[in-house]
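So the chains spell out like this:
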Amino acid sequence: MFLAAENFGQVYFLAPPPSLPDYLKPHVQTFDPDKNFSIVEVEVSPTLKQELIRRSPRGQLEDKKNSIRRTVSKVQEVAKKFNELPPQDRNRHLDEYIAELTRAERLLNEIYPQLHSDTIKVNFNMFKEFLIDFRLYEDWQLKKHAAEDLSRQIQILAQDLNSL
């Protein structure tokens, strides 16, 4: 009902006084002709519409997708500059990014049934595995091979995430 209104249009309805959600209260004016109900007037601003969309199931799904994208993008940017990090900080940073990817993977598992991708979970998991390999390998040949795998997988995962 709110999304159908024009920007800065008015919507009126009846509601029990304490039933209004907090995010709606700044946009509301109430008239209380009775103890049991109020006449509620809501001015539907573009800001309120954005908030309603953000709180909708579709908006929450988009927020989770964007969170996953940001995490992968962050790791991708750090991977480009990894060799510039002091050697003593590299493993600590890798551990932090692996932990962030684990949190993003939980989000991905939560929203997976709503996604239209057969490959996203596999590509995400491979990306995380290659990052773990890169972190664990001490031998420079193995580490170099893991870095090549990781570089390829970053591109594949980025394409997969962009198509969601």
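For the structure itself, look to the data block above.
Quick summary incoming for the structure in this document. (Residues numbered from 1 in each chain as written. Predicted model: local features only at pLDDT ≥ 70, side-chain atom pairs only at ≥ 80, totals over all residues. Heavy atoms only, no water.)

Right, let's get into the overall build of the chain. Scanning the chain from N- to C-terminus turns up five helices and three strands. The order of helices and strands in the chain, counted from the N terminus, is β-β-β-α-α-α-α-α. For 164 residues, the compact-globule formula gives about 15 Å, and the C-alpha radius of gyration of the chain, at 24 Å, lies well above that figure. Dimensions of the chain along its principal axes, counting C-alpha atoms only, are 80 × 35 × 25 Å. Within the chain, buried positions represent 37% of all 164 residues. Pairs at least 24 apart in sequence give 57% of the contacts found in the chain among residues at least 6 apart. In the structure as shown, the chain presents an accessible area of about 10,500 Å², 52% of it carried by carbon and sulfur atoms. Averaging the locations of the 23 positively and 25 negatively charged side chains of the chain gives two centres separated by 1 Å. (Helix = DSSP H or I, 4+ residues; strand = E, 2+ residues; numbered from the N terminus. Rg over C-alpha atoms; globule rule 2.2 N^0.38 Å. Buried < 20%, exposed > 50% of the residue type's maximum accessible area, 1.4 Å probe, protein only. Contact = heavy atoms within 4.5 Å. Areas by Shrake-Rupley, 256 points an atom, 1.4 Å probe, with all protein chains shown as cover. Lys, Arg positive; Asp, Glu negative; His and termini not counted. Charge placed at Lys NZ, Arg CZ, Asp CG, Glu CD.)

We now examine the pairing of strand β2 (residues 28-31). The sheet contact formed by β2 and strand β3 (residues 38-44) spans four bridges and is antiparallel. Within β3, the residue paired with Q29 across the bridge is E41. Between the antiparallel neighbours β2 and β3 lie six residues. (Pairing = 2+ DSSP bridges.)

The next point concerns unusual backbone geometry. Of note, F8 is a non-glycine position whose phi angle comes to about 65°, a positive value. If you trace the backbone, F8 turns up in the segment before β1 (9-15).

Packed helix pairs are specified by the crossing angle of their axes together with the interaxial distance, meaning the distance between the axes. Closest axis-to-axis distance for the helix α3 (residues 87-111)/helix α4 (residues 120-136) pair is 10 Å, and the angle between their directions is 165°. By the angle between their axes, α3 is roughly antiparallel relative to α4. Between α3 and α4 lies a crossing of left-handed hand. Contacts from N91, L94, D95, Y97, I98, L101, T102, A104, E105, L108 and N109 of α3 reach α4 at I120, K121, F124, N125, F127, K128, L131, I132, F134 and R135. Of the residues assigned to the contact of α3 with α4, the class counts are twelve nonpolar, four polar and five charged. (Axes fitted to C-alpha atoms, helices over the stretch in contact; angles between N-to-C directions. Parallel < 35°, antiparallel > 145°, perpendicular 65-115°, else oblique. Left-handed = near helix turned anticlockwise from the far one by under 90°. Nonpolar A, V, L, I, M, F, W, Y, C, P; charged D, E, K, R; others polar.)

Of note, F134 is situated in helix α4. Taking the C-alpha atoms as reference, F134 lies 8.1 Å from K144; in sequence the two are ten residues apart.

Counted by the stated rule, this structure contains eleven salt bridges. Here E105 ties to K128 by a salt bridge, and the two come within 2.7 Å at their closest N and O atoms. With E105 in helix α3 and K128 in helix α4, this pair connects stretches of sequence that are 23 residues apart. By sharing partners, the salt bridges in this structure join E51, R54 and R55 into a single network. (Salt bridge = Lys/Arg side-chain N within 4 Å of Asp/Glu carboxyl O.)

Moving on, we come to the nonpolar core. Within the largest apolar cluster, 26 residues are counted, with the highest numbers of intra-cluster contacts made by I68, L101, F124, F127, L131 and L157. Secondary structure elements with two or more residues in this core: α2 (57-80), α3, α4 and α5 (140-162). At seven residues, α3 tops the list of elements feeding residues into this core. Not counting the four nearest positions on each side in its chain, L131 is found in contact with V75, L94, Y97, I98, L101 and L150. (Core = buried A, V, L, I, M, F, W, Y, C linked by side-chain atoms within 4.5 Å.)

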